[in-house]
Amino acid sequence: MSDITNEINRRRTFAIISHPDAGKTTLTEKFLLYGGAINTAGSVKGKANSKYAVSDWMDIEKERGISVTSSVMQFEYDNYCINILDTPGHEDFSEDTYRTLMAADSAVMVIDASKGVEAQTIKLFKVCTLRHIPIFTFINKMDREAMDTFDLLDDIENVLGIRTCPINWPIGSGKAFKGVYDRESKIVSTFQAISSGGAKSAIETDLSIDDNELRNIVDDMQYEKLTEEIELLDGASDELDMEKVSKGELSPVFFGSALNNFGIENFLKYFLKMTTSPLPRQSSEGLIDPKSEDFSAFVFKIQANMNKNHRDRIAFMRICSGKFDASKDVYHVQSKRKLKLSQPQQLMASSRKVVDEAYAGDVIGVFDPALFSIGDTICASGKKFEYEGIPTFAPEHFARLVQLDSMKRKQFMKGVNEIAQEGAIQLFQDYQLGMSEIIAGVVGVLQFDVLKYRLENEYGCDVRLEPLPYGYIRWVKDTSLDLNTLKRLNDVKKVKDMKENPLLLFTNEWIINMVLDNNEGLELLEFKK
Ligand code: G4P
């Protein structure tokens, strides 16, 4: 096997998705601890006045104790080279989150055992199903009172529409949590919480289900319940069909407690075995094999001013095939230019390391002289295919952007355009007034705060954001149509995007239908590719 094939085979690139507070950061941290990438717990995310925040780049994140921008972390474990793509875990999220999922080969979904599937998980999950990538479920916080285990599985199946296959099974929860039973090996990993100096961890002992010693830990009632449940499961649950797992139709489910470091290493081991090495990707020339010798990558995220000391712009690209060699020229398909990628870096959260080589599955950040756009393809010199574009997700919140200091028009326009180019916001202009009324559209409202903060801090422009009542956006299919000829647009806002395409903003779906009913032949589109 060639070195390249070897390197690519051992790559695993995945995203962790969860509702805020389900335990994504804690789980990530435990993974990194196993990989030796960090040596103290608490270093992935620092909440207010706590430790150094590895995954937080912007001050606003630190202030709020949340991670706004998605980061990438690489570590080695058991001869695997693992790339975790971190997705923001707060209520609001931006298109960045969606795009990050476009760069992952599989997803780990963390669910709080006491809450089941929560709103944010549903949205993120839908993007995963769009791409048919494998989804693994980790049901966390078993040391707290949990929902009934079968109800939890039903919840995943009914709300998310994916089948489940428990790989292990919990014995009790909360104070009565005694461990998990591994269905394949028939071994129980027992759980005994210990608390030492504030840091929680658990004593984990492996015992066979028939071992007498187990009966000292698990009382008769629990033991009986376990044997009944196992019987029920073996008879009724879905079999572990890896074909279905690989298509994202069946999710292997694991139980544990990230905070107590219980069930984590076991999960990691199973996960790494079951998940896939970098997948082929669709391009204008068909599927591209990740193991082909030729380098190719696509840009899934652009971030300006990550480091205030270097006012730079970084384009994050996911390598899709071959090996990246910093000394070789590459071809940027969209600009038709041959170039060397400048200062290629790999990111371990906030620390950067310049890399000379990287392989399919890895993510590198390169210095971007305002050349790249999201979705762009970079190939080995001599190749010219394009990867499928990343869809534009429809913004759901809109606000008028009012610039407070009219002297700073130039900086203001530079700021909003650059931030829009990164994909953090989408920009629109009033249909009649044009750029004298600028409207920003976002997927999650927190992006408005980020926009305001960045315009003030990075571009020195004070702005006021006036929220608009619209929540639905539709592109008008016939781009030459004069929107002023349309009827019944009383509560509808007419706008144009930056490419002068006409659009309509609506407050609810009922009005969309009403407008369609009153304007024969009008065709509206939900997405613009
Ligand atoms: P997130 O990234 O998904 O938002 O969740 P995070 O890991 O920050 O965890 C949210 C809270 O849940 C944290 O408590 C964390 O300690 C706790 N937690 C995570 N895993 C477990 C678990 O297995 N059992 C229990 N009981 N708690 C868990 P916090 O008080 O909000 O923050 P902190 O002060 O502990 O950092």
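Look a little higher up for the structure.
Note that this is a predicted model, so its numbers are computed, not measured. (Residues numbered from 1 in each chain as written. Predicted model: local features only at pLDDT ≥ 70, side-chain atom pairs only at ≥ 80, totals over all residues. Heavy atoms only, no water.)

A. Structural view of the overall build of the protein. Tallying secondary structure elements over the protein gives 13 helices and 31 strands in all. Looking at the protein as a whole, 57% of its 529 residues are labelled buried. Nonlocal contacts in the protein, meaning residues at least 24 apart in sequence, comprise 69% of its contacts between residues at least 6 apart. As displayed, the protein offers around 23,000 Å² of accessible surface, 47% of which is attributable to carbon and sulfur atoms. (Helix = DSSP H or I, 4+ residues; strand = E, 2+ residues; numbered from the N terminus. Buried < 20%, exposed > 50% of the residue type's maximum accessible area, 1.4 Å probe, protein only. Contact = heavy atoms within 4.5 Å. Areas by Shrake-Rupley, 256 points an atom, 1.4 Å probe, with all protein chains shown as cover.)

B. Structural context of the packing of helix H11 (residues 409-422) against helix H12 (residues 446-459). For the pair H11 and H12, interaxial distance at closest approach is 10 Å and the crossing angle is 125°. Overall, the two elements H11 and H12 adopt an arrangement that is oblique. As for the relative orientation of H11 and H12, their crossing is right-handed in sense. In this structure, H11 contributes Gln411, Phe412, Lys414, Gly415, Val416, Glu418, Ile419 and Glu422 to the contact, and H12 contributes Leu451, Arg454, Leu455 and Tyr459. Its residues assigned to classes, the contact of H11 with H12 comprises six nonpolar, two polar and four charged. (Axes fitted to C-alpha atoms, helices over the stretch in contact; angles between N-to-C directions. Parallel < 35°, antiparallel > 145°, perpendicular 65-115°, else oblique. Left-handed = near helix turned anticlockwise from the far one by under 90°. Nonpolar A, V, L, I, M, F, W, Y, C, P; charged D, E, K, R; others polar.)

C. Spotlight on the packing of aromatic side chains. All told, the structure shown has 19 aromatic pairs when counted by the stated rule. Judged by centre distance (5.6 Å) and plane angle (90°), the rings of Phe177 and Phe262 are edge-to-face. Here Phe177, found in the loop between strand E7 (168-171) and strand E8 (179-182), pairs with Phe262, found in the loop between strand E11 (250-255) and helix H10 (264-274); they are 85 residues apart in sequence, far enough to count as distant. Accessibility expressed as a relative area gives 3% for Phe177, which makes it buried. Taken together, a centroid distance of 5.3 Å and an interplanar angle of 85° make the contact between Phe385 and Tyr387 edge-to-face. You'll find Phe385 and Tyr387 in the same group, each marked buried. (Phe/Tyr/Trp six-rings, centres within 6.5 Å; stacked < 30°, edge-to-face > 60°.)

D. Molecular detail of the pattern of salt bridges. Following the criterion strictly, the structure yields 26 salt bridges and no others. With a shortest N-O distance of 3.3 Å, Glu437 and Arg400 are connected by a salt bridge. Placement of Glu437 in strand E26 (residues 434-442) and of Arg400 in strand E24 (residues 397-403) is noted, with a sequence separation of 37 residues between them. Since its relative accessible area comes to 12%, Glu437 is described here as buried. For Glu437, the salt bridge identified is with Lys493, shortest N-O distance 2.9 Å. (Salt bridge = Lys/Arg side-chain N within 4 Å of Asp/Glu carboxyl O.)

E. Examining the packing of helix H2 (residues 24-34) against H10 more closely. Across the interface, H2 lies against H10 with an axial gap of 10 Å and an inter-helix angle of 80°. Between H2 and H10, the crossing angle belongs to the class labelled roughly perpendicular. Note on element contacts: H10 touches H2 through Ile264, Glu265, Phe267 and Leu268, opposite Leu27, Lys30, Phe31 and Tyr34. Counted by class, the contact of H2 with H10 contains six nonpolar, no polar and two charged residues.

F. Structural context of the site of the ligand. Around the ligand sit 18 residues in total, of which Asp21, Thr25, Thr26, Asp143 and Ser257 are the nearest. Contacts to the ligand include Asp21, whose backbone N or O atom sits 2.7 Å from an oxygen atom. The contact in question runs from an oxygen atom of the ligand to an N or O atom on the backbone of Leu259, over 3.2 Å. When the ligand sits alone it has 700 Å² of accessible area, and the protein chains cover 72% of it. A per-element tally of the shell around the ligand places H2 first, with three residues. Taken together, the residues of the shell around the ligand sort by class into four nonpolar, seven polar and seven charged. (Near = heavy atom within 4 Å. Polar contact = N/O pair within 3.5 Å; in protein donor to acceptor, adjacent residues only side chain to side chain.)

G. Molecular detail of the sheet that holds strand E29 (residues 493-497). Across the sheet, which stays open at both edges, the eight strands sit in the order E27-E24-E26-E25-E29-E30-E28-E31 with antiparallel pairing between neighbours. Sheet topology places strand E27 (463-468) and strand E31 (524-525) at the edges, where each strand pairs with a single neighbour. Across two bridges, the pairing between strand E28 (residues 472-476) and E31 is antiparallel. Bridge pairing in E31 links Val476 to Leu524. Its contacts with the sheet place H11 against E24, strand E25 (426-430), E26 and E27, and it is angled at close to 35° to E26. (Pairing = 2+ DSSP bridges.)

H. Just the environment of Ala193, in detail. Along the chain, the position of Ala193 falls in strand E9 (residues 187-196). Ala193 sits in the exposed class, given a relative accessible area of 52%. On a C-alpha basis, the gap between Ala193 and Phe262 in space is 9.1 Å, while along the polypeptide they are 69 residues apart.

I. Layout of the sheet that holds strand E1 (residues 11-18). In spatial order, the strands read E2-E3-E1-E4-E5-E11-E6; together these seven strands make up an open sheet with mixed pairing. Edge strands, defined here as strands with exactly one partner in the open sheet, are strand E2 (72-77) and strand E6 (163-166). Put simply, the sheet's adjacent strands are angled 30° from each other on average, direction ignored. Examined bridge by bridge, E6 and E11 share four bridges and lie parallel to one another. Within E11, the residue paired with Arg163 across the bridge is Leu250. Contacts between H10 and the sheet are confined to E1, E2, strand E3 (80-86), strand E4 (106-112), strand E5 (135-140) and E11, with E5 contributing the most and set at about 175° to the helix.

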